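In case you want the letters, here they are:
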Amino acid sequence: MPEAPKTLLIACGALAREVLALIRVNRWSHLELTCLPAILHNRPERIPAAVRAKIRAGRGRFERILVLYGDCGTGGALDRVLEEEGVERIPGPHCYAFFSGVDRFLDEAEADPFCFYLTDYLARHFERLVIEGLGLDRHPELLPLYFGHYEKLVHLAQVDDPELAAAAEAAAARLGLAHERRMTGYGDLQTFLHRAA
């Protein structure tokens with residue numbers, strides 16, 4: 001059997017735990033992960049340049065480079081960078097879609113457009129990323145401005161963890177939203193990595 005090409009995976013830090021779990025369980029020793037800070041989602045215009053820098057830093061050390069980012073609010077700028085660099089990314093607009101499966105997510109979001117989504121990462125870091133990140137700890141009066149049009153918080157669960165389920169339910173209560181949990185597993189992330197491996 002030919003040896004698998006040494007591959008660099010450039011991912012959003014919000015996916016690190018899931019990607020490392022897949023690498024570990026599948027014993028993909030030829031895959032190496034590097035991550036950009038998840039906080040870049042607050043400034044998506046910075047994502048393309050940051051990904052380009054990681055690609056260029058990895059050239060010459062890896063036979064192949066893959067990107068584990070959705071468009072994530074870059075308005076197509078990330079895809080333009082990847083086309084210029086000749087690098088493939090996982091399909092989909094964001095991690096909610098590729099955990100659920102892109103087609104399934106888009107169908108469900110269209111049928112029920114008043115949902116606020118959490119992945120396991122966001123459930124785990126809800127206080128820091130949502131409450132503090134949006135300034136709701138300092139300005140609770142902004143809560144209806146940010147979340148007044150949502151009806152439900154949907155936890156897209158990657159793993160069956162009662163603590164994360166409880167954290168997502170508490171997050172829904174904090175925002176005054178109904179709560180729903182959907183087990184997605186790793187979805188298209190797993191499929192993409194299996195194909196890549």
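Refer to the structure presented above.
Figured I'd write up the structure that's included with this text. The structure displayed is predicted, hence computed values, not measured ones.

The rules behind each value
Residues numbered from 1 in each chain as written. Predicted model: local features only at pLDDT ≥ 70, side-chain atom pairs only at ≥ 80, totals over all residues. Heavy atoms only, no water. Axes fitted to C-alpha atoms, helices over the stretch in contact; angles between N-to-C directions. Helix = DSSP H or I, 4+ residues; strand = E, 2+ residues; numbered from the N terminus. Parallel < 35°, antiparallel > 145°, perpendicular 65-115°, else oblique. Left-handed = near helix turned anticlockwise from the far one by under 90°. Contact = heavy atoms within 4.5 Å. Nonpolar A, V, L, I, M, F, W, Y, C, P; charged D, E, K, R; others polar. Pairing = 2+ DSSP bridges.

Moving on, we get to the packing of helix 1 (residues 16-26) against helix 10 (residues 187-196). In contact at an axis separation of 11 Å, helix 1 and helix 10 are set at 45° when each is read in the N-to-C sense. Classed by the angle they form, the pair helix 1 and helix 10 counts as oblique. Where helix 1 crosses over helix 10, the two elements pack in a sense that is right-handed. Residue-level inspection shows E18, V19, L22 and N26 of helix 1 in contact with helix 10, the latter providing L189, Q190, L193 and H194. When its residues are assigned to classes, the contact of helix 1 with helix 10 shows four nonpolar, three polar and one charged.

What follows is about the sheet that holds strand 5 (residues 115-118). Taken together, the three strands give an open sheet; going across it, the order is 5-6-7, and neighbouring strands pair in parallel fashion. Looking at which strands have only one partner, the edges of the open sheet turn out to be strand 5 and strand 7 (178-183). Across the sheet, the axes of successive neighbouring strands diverge by a mean angle of 25°, strand direction being ignored. Both strand 5 and strand 6 (residues 152-157) contribute to a ladder of four bridges, which runs parallel. When the bridges of strand 6 are listed, F116 appears paired with L153. Contacting strand 5, strand 6 and strand 7, helix 9 (residues 162-175) runs over the sheet at an angle of about 165° to strand 6.

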